[in-house]
Amino acid sequence: MSKAVVFGATGYAGSHIVAELLATGHEVVAVARNTDKLEARDGLTVVQGSVTDAAVVERVAQDADVIVSALPAATDEITLGSAVKTLLSAAARVNARLGVVGGATTLRVSEGGPKLAQAVDFPAEFQGVITAHADALSTLESSDDSVDWFYFSPAAEFGPQNPGTRTGTYRVGSTVLLNDENGSSRISGDDYAIAFVDEITSPTVRRAQLHAAY
């Protein structure tokens, strides 16, 4: 199995991805500014640090097969687009794949239609997050082809407010938002992590956007 370095390992998506990686036999280096939530487990190395610390990034990336960004869209220190630039450089140095937890607002509402960010009148407080995810995806798409990356958008209603349950099932799309028979776009934290780790274990795309929902 692979060695995966996960930045943002204590967040909602990151914690689920770390758990799924460990459950499926991967070696994991979990990086977070506050590591109190990370309990010692077989196969897990915990590192206190930030993507803004070049020395930490260089150290944890050594021998990595895949680097995962489960970072928030923006913090007081850095935006996701800037973090992705840093991790692209790290991945290039060690010949690792880069997987990024994306945002649903980068998806189109229909084939050839507008992106969700333009189709829905989101409140002003969400605009920073929307812009940060758009910038991160643009950064990946404009990077040279030395790094294999995937940007994995969850369902529109994904998050701790809709934790859902583990079903072991999911659908995968690319750039168009997936909805269920009731018009909802949902996926649980566990099932999103399964989809994300499945892409790590058995890659299906190269330098492309993915999307998982029920």
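Relevant structure appears above.
A few points on the structure. Source: prediction; values computed, not measured. (Residues numbered from 1 in each chain as written. Predicted model: local features only at pLDDT ≥ 70, side-chain atom pairs only at ≥ 80, totals over all residues. Heavy atoms only, no water.)

1. Concerning the sheet that holds strand β3 (residues 44–48)
Counted only if it meets this: Pairing between two strands is assigned when DSSP locates at least 2 bridges connecting them. Per the convention used, a helix needs a DSSP run of H or I reaching at least four residues, while a strand needs a run of E reaching at least two, with both numbered from the N terminus. Whenever a helix is involved, its axis is fitted only over the stretch in contact; in every case the axis is a line through C-alpha atoms, and angles between N-to-C directions fall within 0 to 180 degrees. It only takes one pair of heavy atoms within 4.5 Å for two residues to be counted as in contact.
Taken in spatial order, the eight strands line up as β3-β2-β1-β4-β5-β6-β8-β7 in an open sheet, and their pairing is mixed. Both edges of this open sheet fall to β3 and β7 (171–173), since each of them pairs with a single strand only. On average, each strand axis in the sheet is inclined to that of its neighbour by 20 degrees, with strand direction left out of account. When strand β4 (residues 66–69) meets strand β5 (residues 97–101), the two strands line up parallel, connected through four bridges. Each bridged residue has a counterpart across the sheet, and for Ile67 the counterpart in β5 is Leu98. Contacting β5, β6 (149–153) and β8 (208–213), helix α5 (residues 127–141) runs over the sheet at an angle of about 155 degrees to β6.

2. Overview of unusual backbone geometry
Phi is positive for Asn95, which is not a glycine, with a value near 60 degrees. The phi torsion at Arg207 lies on the positive side, around 55 degrees, for a residue other than glycine. Following the sequence through the fold, Arg207 ends up in the loop between α6 (189–201) and β8.

3. Overview of the packing of helix α1 (residues 12–23) against α6
What counts here: By definition in this entry, angles of less than 35 degrees are roughly parallel, angles greater than 145 are roughly antiparallel, angles of 65 to 115 are roughly perpendicular, and the rest are oblique. If you view the pair so one helix is near and one far, a crossing is left-handed when the near helix is turned anticlockwise from the far one by less than a right angle, and right-handed when it is turned clockwise. Residue polarity is assigned by list, with Asp, Glu, Lys and Arg as charged and Ala, Val, Leu, Ile, Met, Phe, Trp, Tyr, Cys and Pro as nonpolar; anything else, Gly included, falls into the polar class.
Across the interface, α1 lies against α6 with an axial gap of 8 Å and an inter-helix angle of 60 degrees. Classed by the angle they form, the pair α1 and α6 counts as oblique. Handedness of the α1/α6 crossing: right-handed. In this structure, α1 contributes Tyr12, Ala13, His16, Ile17, Glu20 and Leu21 to the contact, and α6 contributes Gly189, Asp190, Tyr192, Ala193, Ile194, Phe196, Val197 and Ile200. In terms of residue class, the contact of α1 with α6 is made up of ten nonpolar, two polar and two charged.

4. Concerning the side chain of Ser143
What counts here: Throughout, exposure labels follow a simple rule: accessible area from a 1.4 Å probe, protein chains only, divided by the maximum for the residue type, with under 20% read as buried, over 50% as exposed, and the rest as partly exposed. Here a polar contact is taken to be a pair of N or O atoms separated by no more than 3.5 Å, where protein atoms must pair a possible hydrogen donor with a possible acceptor and residues adjacent in sequence count only if both atoms sit in side chains.
Position of Ser143 among the secondary structure elements: in the loop between α5 and β6. The buried category is assigned to Ser143, whose relative accessible area is 17%. At 2.6 Å, the side chain of Ser143 forms a polar contact with the backbone oxygen of Leu140. Apart from the residues within four sequence positions on either side, Ser143 is in contact with Leu88, Trp149 and Arg207.

5. Thoughts on the pairing of β6
Here β6 lies mainly inside the structure; five of its five residues are buried. Side chains of β6 alternate between two faces, with Trp149, Tyr151 and Ser153 and Phe150 and Phe152 buried alike. In the sheet, β5 pairs with β6 via four bridges, with the strands oriented parallel. From the neighbouring strand, Gly99 faces β6, where its bridge partner is Phe150. Bridge analysis of β6 against β8 gives four bridges, and the strand direction is parallel.

6. Regarding the nonpolar core
Quick note on the threshold: Only buried Ala, Val, Leu, Ile, Met, Phe, Trp, Tyr and Cys residues count toward a nonpolar core, and they belong to the same one when joined by side-chain atoms within 4.5 Å.
Core analysis: the largest hydrophobic core is formed by 31 residues, its most contacted members being Ile17, Val18, Leu21, Phe152, Tyr192 and Phe196. Going through the elements one at a time, β1 (3–7), α1, β2 (27–32), β4, β6, α6 and β8 are the ones with two or more residues in this core. Top contributing element to this core by residue count: α6, with six residues. With residues up to four places along the chain from it excluded, the contact list for Leu21 reads Ala4, Val6, His26, Val28, Val197 and Ile200. The next biggest cluster of nonpolar side chains, apart from the first, holds 30 residues, and it includes Ala90, Ala96, Ala136 and Trp149.

7. Concerning the pattern of salt bridges
The condition that has to hold: For salt bridges, the criterion is a side-chain nitrogen of Lys or Arg within 4 Å of an Asp or Glu carboxyl oxygen.
Considering all chains together, one arrives at five salt bridges under this definition. Where Arg33 meets Glu77, a salt bridge forms, and the shortest distance between an N and an O atom there is 2.9 Å. One end of the pair, Arg33, is in the loop between β2 and β3; the other, Glu77, is in the loop between β4 and α3 (80–94), and 44 residues separate them in sequence. The exposure class of Glu77 is partly exposed, given its relative accessible area of 45%. Arg97 is the partner of Glu199 in a salt bridge, and the nearest nitrogen-oxygen pair spans 2.6 Å. Pair noted here: Glu199 is in helix α6 and Arg97 is in strand β5, with a separation of 102 residues, a long-range link. Like Arg97, Glu199 is buried.

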